[in-house]
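Chain by chain, the residues:
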Amino acid sequence: MRVSDLFIYPLKSARAIALPAADIDTYGLSGDRRAMITDPQGHFITQRELPDLARIEIRPEAGAFRLLMQGKPEISVSPPRPESRMDVSVWKSTVSAAVADAESNRQLSEWLGREVRLVFFDGQAQRTANAEWAGEGTPVSFTDGYQILVTTTGSLQALNADLAAHGEGSVGMERFRPNIVIDTDEAWPEDRWAAIEIAGIRFDLVKPCSRCIMTTQDQLTGSREVANPMPAMGRIRMSADRRVPGPLFGWNVTPRGSGRITIGDAIKIVEERPEGWALKIRDRR
């Protein structure tokens with residue numbers, strides 16, 4: 001088993017950037033989910049409510065970055081001033097974030113047809129993952145809850161096989177917005193991994209990832225008029241554990257070290273969860 005793909009999402013809910021290698025720190029993959037779009041009150045906005053975010057491409061540059069969207073003039077965003085801040089919410093977390101300049105926010109609001117703010121997770125921002133799963137004091141940025149999402153190719157193949165058996169098309173891995181994709185022959189081996197090692201770094205698989213409407217959206221256009229993986233996940237991947245309800249695909253992962261990982265790196269299983277994860281048994285006809 002080896003790493004087959006690496007992705008970061010510098011702007012939460014916008015397009016992915018594929019990488020040949022990635023630096024790992026306590027926040028996960030360097031540069032991942034360090035910017036976010038909110039409403040004027042600071043509540044985070046994702047593709048769940050604004051599918052057009054899938055059309056936004058971000059290009060980091062020295063000290064700043066550019067935002068691009070087809071048919072729109074690009075936005076060059078200057079580094080935010082640390083003193084220009086607002087409290088923003090990500091699920092149950094409140095974070096003090098740096099705010100982009102007024103002109104960038106004005107242009108971005110025009111793009112999206114509603115008033116928004118672009119905010120940044122800078123050196124003054126602080127947030128921690130749920131201690132019940134990740135341990136006390138585990139830092140996270142603007143991710144939904146944990147540092148890294150891991151998926152496997154064997155599991156995607158199994159999901160697509162079920163979709164095909166029901167005449168429901170197929171989906172790509174991009175629908176699940178992973179950070180690390182592992183090439184496996186077996187389906188769902190990640191359910192039994194408690195910890196893996198890549199390039200000498202330990203990664204704890206702390207919680208399976210329950211999936212939502214974002215998996216039903218094309219990750220280039222935001223369209224929902226595409227193949228839908230939710231029915232297949234409902235048939236074969238419904239959690240039977242009330243702590244994590246709903247359909248599951250992929251695992252939330254917490255790094256326990258720092259370093260650099262590269263596509264092609266070997267995967268070593270260092271701790272197992274023999275019982276796997278409890279799933280509901282449903283009629284799959």
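Our structure is the block above this text.
Remember, it's a predicted structure, so these values are computed and weren't measured experimentally.

S.K.: What's the story with the overall build of the protein chain in this structure? I'm lost.
M.R.: Within the protein chain, the secondary structure is distributed over four helices and 18 strands. At 19 Å, the protein chain has a C-alpha radius of gyration in line with the 19 Å of a compact globule built from 285 residues. For the protein chain, the C-alpha atoms occupy an extent of roughly 50 × 40 × 35 Å along the three principal directions. Taken over 285 residues, the protein chain has a buried fraction of 53%. Intrachain contacts of the protein chain at a sequence separation of at least 6 include 70% that bridge at least 24 residues. Accessible surface, the protein chain as shown: approximately 12,600 Å² in total, 48% of it carbon and sulfur.

S.K.: Mind showing me how you'd approach the sheet that holds strand β8 (residues 75-77) here?
M.R.: In sheet architecture, strand pairing relies on hydrogen bonds along the backbone and comes in two forms, parallel and antiparallel. In spatial order, the strands read β6-β7-β8; together these three strands make up an open sheet with antiparallel pairing. One side of each edge strand has no neighbouring strand; the edge strands of this open sheet are β6 (57-61) and β8. Sheet twist, expressed as the mean angle between neighbouring strand axes with direction ignored, is 20°. Helix-sheet contacts for helix α1 (residues 102-112) involve β7 (64-68) and β8, and the interaxial angle to β8 is about 145°.

S.K.: I'm lost on the environment of Arg177 in this one. Help?
M.R.: Looking at the secondary structure, you find Arg177 in the loop between α3 (153-165) and β13 (180-183). On the basis of relative accessibility, which here comes to 8%, the residue Arg177 falls in the buried class. Along the chain, Arg177 and Tyr9 lie 168 residues apart, while their C-alpha atoms are 8.4 Å from each other. Separated by 2.7 Å, the side chains of Arg177 and Gln219 make a polar contact.

S.K.: I tried to follow the side chain of Arg273 on my own but got confused; where do I start?
M.R.: By the secondary structure assignment, Arg273 is in the segment after β18 (267-272). Buried charge without a partner: Arg273 forms no salt bridge, and the closest opposite charge is Glu275, 4.8 Å away. Setting aside chain neighbours within four positions, we find Arg273 in contact with Glu190, Asp191, Arg192, Trp193, Ala194, Leu205 and Trp251.

S.K.: What's the story with the environment of Phe121 in this structure? I'm lost.
M.R.: Structurally, Phe121 is set in the loop between β11 (117-120) and α2 (131-134). The exposure class assigned to Phe121 is buried, which follows from its relative accessible area of 10%. Separated by 54 residues in the primary sequence, Phe121 and Leu67 have C-alpha atoms spaced 17 Å apart. Beyond its immediate chain neighbours, meaning those up to four positions away, Phe121 contacts Tyr27, Arg34, Val95, Gln126, Arg127, Val140, Ser141 and Phe142.

S.K.: How should the packing of aromatic side chains be read in this particular structure?
M.R.: Each aromatic ring pair is characterised by the separation of its centres together with the angle its planes make. Under the criterion given, the structure shown has eight aromatic pairs. Measuring from centroid to centroid gives 5.1 Å for Phe44 and Trp91, while their planes differ by 65°, and the two rings are edge-to-face. Taken together, the residues Phe44 in the loop between β5 (35-38) and β6 and Trp91 in the loop between β9 (85-90) and β10 (93-99) connect sequence positions 47 residues apart. Given the relative accessible area of 5%, Phe44 is considered buried. Ring centres 5.4 Å apart and planes at 90° place the aromatic pair Phe121 and Phe142 in the edge-to-face group.

S.K.: What is the right way to read the pairing of strand β3 (residues 21-25) from this model?
M.R.: Every other side chain in a regular strand lies on the same face of the sheet, so the side chains alternate between the two faces. The sheet contact formed by β3 and strand β17 (residues 259-262) spans four bridges and is antiparallel. Counted as the bridge partner of Ile24 is Gly259 from β17. Taken together, the two bridges between β3 and strand β4 (residues 28-29) define a ladder with antiparallel strand orientation. Residue pairing in the sheet places Asp25 in a bridge with Gly28 of β4.

Calculation criteria
Residues numbered from 1 in each chain as written. Predicted model: local features only at pLDDT ≥ 70, side-chain atom pairs only at ≥ 80, totals over all residues. Heavy atoms only, no water. Helix = DSSP H or I, 4+ residues; strand = E, 2+ residues; numbered from the N terminus. Rg over C-alpha atoms; globule rule 2.2 N^0.38 Å. Buried < 20%, exposed > 50% of the residue type's maximum accessible area, 1.4 Å probe, protein only. Contact = heavy atoms within 4.5 Å. Areas by Shrake-Rupley, 256 points an atom, 1.4 Å probe, with all protein chains shown as cover. Pairing = 2+ DSSP bridges. Axes fitted to C-alpha atoms, helices over the stretch in contact; angles between N-to-C directions. Polar contact = N/O pair within 3.5 Å; in protein donor to acceptor, adjacent residues only side chain to side chain. Lys, Arg positive; Asp, Glu negative; His and termini not counted. Salt bridge = Lys/Arg side-chain N within 4 Å of Asp/Glu carboxyl O. Phe/Tyr/Trp six-rings, centres within 6.5 Å; stacked < 30°, edge-to-face > 60°.

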